[in-house]
Amino acid sequence: MQGRLLVLLALLLAGAARAAPADTLHVGSKRFTESYILGEVLAQTAAPHARVEHLQGLGNTAIVLAALQAGRIDVYPEYLGTIDLEILKHTQAAPLEQIRRELAAMGLGVAAPLGFNNTYALATRGGADGLTKLSELAAQPRLRFGLSHEFIGRADGWPGLAKRYGLPQQPEGLDHGIAYEALMQRQVDVIDIYSTDAKIRQYGLRVLEDDRAYFPRYDAVLLYRLDAAERFPAAWKAITQLEGRISAADMIAMNAAAEIDGQNFANVARDWLAAHKPLAAGAPPADAGKAVQAASMRDGLLAKIFDKNLWPLTRQHVTLVLVAVLLACVVGIPLGVLAAALPRLRQVVLGLTGVLQTVPSLALLALLIPLLGMIGTAPALVALVVYALLPIVRNTCTGLLQVPAGLRLAAQALGLRPMQRLLHVELPLALPVILAGVKTAAVMSVGTATIAAFIGAGGYGERITIGLALNDNAMLLAGAIPAALLALLTQAVFELLERLASRGRAASQRV
């Protein structure tokens with residue numbers, strides 16, 4: 001039975017880890033509004049010519065680039081300055097031909113400049129201290145900087161900016177989706193922005209002049225796998241016709257439609273394509289693939305919870321949790337048995353599983369992506385198994401140690417071998433305690449599985465990432481509430497199993 005379970009789990013992992021289907025053009029996007037929209041524009045443009053799947057909101061540059069190199073996606077919208085300084089690690093702007101040569105050595109290419117420059121900038125409230133230039137920030141050490149996590153860590157972001165301008169401030173990490181509200185609520189004084197952000201005009205912010213010319217140009221382009229153009233010639237031809245067609249004004253208007261007017265990303269892209277014929281003629285929506293579309297911000301909470309994506313997201317989330325907990329049991333119960341049987345190894349095993357659980361989830365995912373060479377379900381499952389191990393190992397060990405010594409001696413007197421005593425006496429007696437550990441692991445996994453959306457593994461986290469990108473509290477709740485209900489349901493199921501196990505144990509003791 002255990003052998004069959006291991007084979008089944010191996011097949012599940014193999015299915016989760018397999019490469020993206022070769023007959024589908026996979027479009028990626030990062031986790032901010034503009035990238036979501038541009039990803040939809042690409043997907044809908046290619047949809048008449050190929051089967052398309054849009055993997056939305058995969059995370060920051062490192063994660064999306066890893067997905068591209070691993071073949072999980074074929075193309076995504078990127079910015080020339082990011083490719084130049086962040087991906088290729090140049091210390092200063094390089095010619096386009098040099099960038100193309102270096103990317104070609106990685107099996108990648110850059111194409112179709114879309115027509116607008118979305119550079120980084122810093123902004124303050126309209127009347128904040130009369131600041132107009134970045135160089136004036138050095139004389140204001142008490143200003144509170146709230147910068148996106150990626151900007152803080154990028155080579156072309158905060159480290160170089162602080163050095164160029166001699167800035168003494170220590171920035172706090174802040175998700176880009178909530179930065180504008182934090183600024184207007186005076187929780188921070190300076191934020192990083194993209195020059196095509198719609199909220200600059202909405203909130204009347206002052207964009208500080210880059211008077212020492214630190215930021216390079218960030219022309220929107222397509223970063224793609226070189227083999228994608230060969231595998232999807234018709235779709236690629238349609239995509240390259242986007243070159244030069246999206247102006248800065250167009251992009252600001254599309255961002256405003258999503259962030260201010262509350263339209264979903266698919267509709268924003270569809271409306272732009274419809275207004276720029278003949279490119280969009282007959283273009284179907286991008287949900288021909290498996291893309292999860294956000295409901296309109298104007299929709300109520302119930303409409304967002306019970307939209308058409310509820311069942312697919314639930315299926316993805318439950319599958320992640322179920323497979324992760326099963327794998328954690330396969331690994332964790334033997335480790336717990338080992339810890340109970342060998343006192344010298346007990347603290348080592350428990351300490352190691354405890355240390356693994358302290359690793360931040362996003363950091364663990366970032367480490368697993370290059371190690372496994374992929375994004376999606378496989379690294380998400382590995383991370384969930386790691387976090388589920390501790391309660392299973394600890395409770396297995398504790399349950400076995402609590403088996404009365406008299407019962408152990410009685411089993412030994414009956415001539416049972418050590419493995420027979422373990423399988424027929426000790427593990428059944430320890431089962432209620434073990435189930436309590438599995439319950440804890442399962443409930444924790446329901447919550448932790450929301451991070452899977454950051455690397456394209458789906459689940460309720462899809463709604464949470466979209467809610468963060470749009471600062472849409474209803475969308476955040478539309479992801480959080482089903483996850484909480486699933487956690488409560490999981491706990492109730494395990495409590496029922498625990499009661500049944502306790503009754504069985506009591507009955508066996510009476511006999």
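Above: the structure in question.
Below or above, wherever it landed, is the structure these notes cover. All values derive from a computational prediction rather than experimental measurement.

Cut-offs applied
- Residues numbered from 1 in each chain as written.
- Predicted model: local features only at pLDDT ≥ 70, side-chain atom pairs only at ≥ 80, totals over all residues.
- Heavy atoms only, no water.
- Buried < 20%, exposed > 50% of the residue type's maximum accessible area, 1.4 Å probe, protein only.
- Helix = DSSP H or I, 4+ residues; strand = E, 2+ residues; numbered from the N terminus.
- Pairing = 2+ DSSP bridges.
- Right-handed = clockwise from strand over helix to strand, strands pointing away.
- Polar contact = N/O pair within 3.5 Å; in protein donor to acceptor, adjacent residues only side chain to side chain.
- Expected span 1.5 Å × (residues − 1).
- Contact = heavy atoms within 4.5 Å.
- Axes fitted to C-alpha atoms, helices over the stretch in contact; angles between N-to-C directions.
- Parallel < 35°, antiparallel > 145°, perpendicular 65-115°, else oblique.
- Left-handed = near helix turned anticlockwise from the far one by under 90°.
- Nonpolar A, V, L, I, M, F, W, Y, C, P; charged D, E, K, R; others polar.

**Notes on the pairing of strand S2 (residues 51-55)**
Point 1. Along S2, four of the five residues are buried, which leaves the element largely enclosed by surrounding structure.
Point 2. Pairing of strand S1 (residues 24-28) with S2 involves five bridges; the strand directions are parallel. Within S2, the position partnered with Leu 25 by the bridge is Val 52.
Point 3. Following the chain from S1 across helix H2 (residues 33-46) to the adjacent parallel S2, one finds a crossover that is right-handed.

**So, the side chain of Arg 346**
Point 1. Position of Arg 346 among the secondary structure elements: in helix H16 (residues 343-357).
Point 2. Within the structure, Arg 346 has its side chain in polar contact with the backbone oxygen of Ala 339 (distance 2.9 Å).
Point 3. Among the polar contacts listed, one links the side chain of Arg 346 to the backbone oxygen of Ala 340, at a separation of 3.1 Å.

**Topic: helix H12 (residues 248-259)**
Point 1. The end-to-end C-alpha distance of H12 is 16 Å, a good match for the 16 Å that twelve residues give at a rise of 1.5 Å each.
Point 2. Taken as a whole, H12 has its buried residues at Met 251, Ile 252, Met 254, Asn 255, Ala 256, Ala 257, Ala 258 and Glu 259.

**Focus on the side chain of Glu 86**
Point 1. Here Glu 86 shows up in helix H4 (residues 80-87).
Point 2. Among all residues touching Glu 86, those that are not within four sequence positions of it are Thr 61, Gly 81, Arg 154, Ala 155 and Asp 156.

**Points about the environment of Pro 404**
Point 1. Mapped onto the elements, Pro 404 comes out in the loop between helix H18 (377-401) and helix H19 (405-413).
Point 2. As for Pro 404 and Leu 429, which are separated by 25 residues in sequence, their C-alpha atoms are 9.3 Å apart.

**Some points on the packing of helix H17 (residues 361-372) against H18**
Point 1. Put simply, H17 and H18 touch, their axes get as near as 9 Å, and they point 130 degrees apart. Relative to H18, H17 is oriented oblique. Note that H17 runs across H18; the crossing there is right-handed. Taken together, the residues of H18 that come into contact with H17 (itself represented by Ser 361, Leu 364, Leu 365, Leu 368 and Leu 372) are Ala 378, Pro 379, Ala 380, Val 382, Ala 383, Val 386 and Tyr 387.
Point 2. Here the contact of H17 with H18 is composed, by residue class, of eleven nonpolar, one polar and no charged.

**As for the packing of helix H15 (residues 310-341) against H16**
Relative orientation and spacing of two packed helices are given, respectively, by the angle between their axes and the distance between those axes.
Point 1. Running from N to C, H15 and H16 point in directions that differ by 140 degrees, and their axes come no closer than 6 Å. The angle between the axes of H15 and H16 places the two elements in the oblique class. Here H15 contributes Leu 335, Leu 338, Ala 339, Ala 340 and Ala 341 to the contact with H16, which in turn contributes Pro 343, Leu 345, Arg 346 and Val 349.
Point 2. Looking at side-chain class alone, the contact of H15 with H16 contains eight nonpolar, no polar and one charged residues.

**A word on the sheet that holds strand S9 (residues 206-207)**
Point 1. The mixed open sheet is built from five strands, whose spatial order is S7-S6-S8-S5-S9. Unpaired on one side and paired on the other, strand S7 (172-173) and S9 mark the two borders of the sheet.
Point 2. One ladder, built from two bridges, connects strand S6 (residues 145-147) with S7; its direction is parallel. Paired with Gly 146 across the two strands is Glu 172, which belongs to S7.
Point 3. With respect to the sheet, helix H8 (residues 176-184) is in contact with strand S5 (120-124) and strand S8 (190-194), its orientation differing from that of S8 by roughly 135 degrees.

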